[in-house]
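So you can see what is in the structure, the chains are spelled out below.
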Amino acid sequence: MKISRLYTMDIENITKLNRCKNKSATVNKAVRKYLNEKEQFNVSDMDTSLLISVIYAREGKESVLGALIEAYWATLNES
């Protein structure tokens, strides 16, 4: 089932889209890809060391969590 909708887009995108033969199919494909990628994000897919670094940067050395992260990093450096 299809339905017609009106959405605002940047003129640059419209200009590029005008070169496509089937504009509706191109837009549908792009929106579907965007929504699928958005739904598929899971924090568990991220690298653990990156997550720890981000938390450490936010919390800082002064917090209890920051101290725990420093202790964890120390154990990694020992091995």
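What comes next is a walk through the structure.

Rules behind the numbers
- Residues numbered from 1 in each chain as written.
- Predicted model: local features only at pLDDT ≥ 70, side-chain atom pairs only at ≥ 80, totals over all residues.
- Heavy atoms only, no water.
- Axes fitted to C-alpha atoms, helices over the stretch in contact; angles between N-to-C directions.
- Helix = DSSP H or I, 4+ residues; strand = E, 2+ residues; numbered from the N terminus.
- Parallel < 35°, antiparallel > 145°, perpendicular 65-115°, else oblique.
- Left-handed = near helix turned anticlockwise from the far one by under 90°.
- Contact = heavy atoms within 4.5 Å.
- Nonpolar A, V, L, I, M, F, W, Y, C, P; charged D, E, K, R; others polar.
- Buried < 20%, exposed > 50% of the residue type's maximum accessible area, 1.4 Å probe, protein only.
- Polar contact = N/O pair within 3.5 Å; in protein donor to acceptor, adjacent residues only side chain to side chain.
- Expected span 1.5 Å × (residues − 1).
- Salt bridge = Lys/Arg side-chain N within 4 Å of Asp/Glu carboxyl O.

Things to note about the packing of helix H3 (residues 48-59) against helix H4 (residues 64-78)
In step 1: Interaxial distance between H3 and H4 falls to 9 Å at its minimum, and their mutual angle equals 140°. Classified by the angle their axes make, H3 and H4 are oblique. The chirality of how H3 crosses H4 is left-handed. Only Leu65, Gly66, Ile69, Glu70, Tyr72 and Trp73 of H4 make contact with H3, whose side of the interface consists of Ile52, Ser53, Ile55, Tyr56 and Glu59.
In step 2: Taken together, the residues of the contact of H3 with H4 sort by class into seven nonpolar, two polar and two charged.

Side note on the side chain of serine 63
In step 1: Tracing the sequence through the fold places serine 63 in the loop between H3 and H4.
In step 2: Relative accessible area serves as the criterion here: at 17%, serine 63 is assigned to the buried category.
In step 3: A distance of 2.9 Å separates a polar side-chain atom of serine 63 from the backbone nitrogen of glycine 66.

Things to note about H3
In step 1: Along its 12 residues, H3 runs 16 Å from first to last C-alpha, staying within 8% of the 16 Å computed at 1.5 Å per residue.
In step 2: At the C-terminal side of H3, glycine 60 shows a positive phi close to 85°.

Topic: the pattern of salt bridges
In step 1: Inspection of every chain in the model, using the stated rule, returns one salt bridge.
In step 2: As a salt-bridge pair, lysine 33 and glutamate 37 come within 3.3 Å of each other at their nearest N and O atoms. Highlighted residues: lysine 33 and glutamate 37, both in helix H2 (residues 23-40), separated by four residues, approximately one helical turn.
In step 3: Look at lysine 33 and you get exposed, because its relative accessible area is 51%.

Read these as spatial facts, not as claims about activity.
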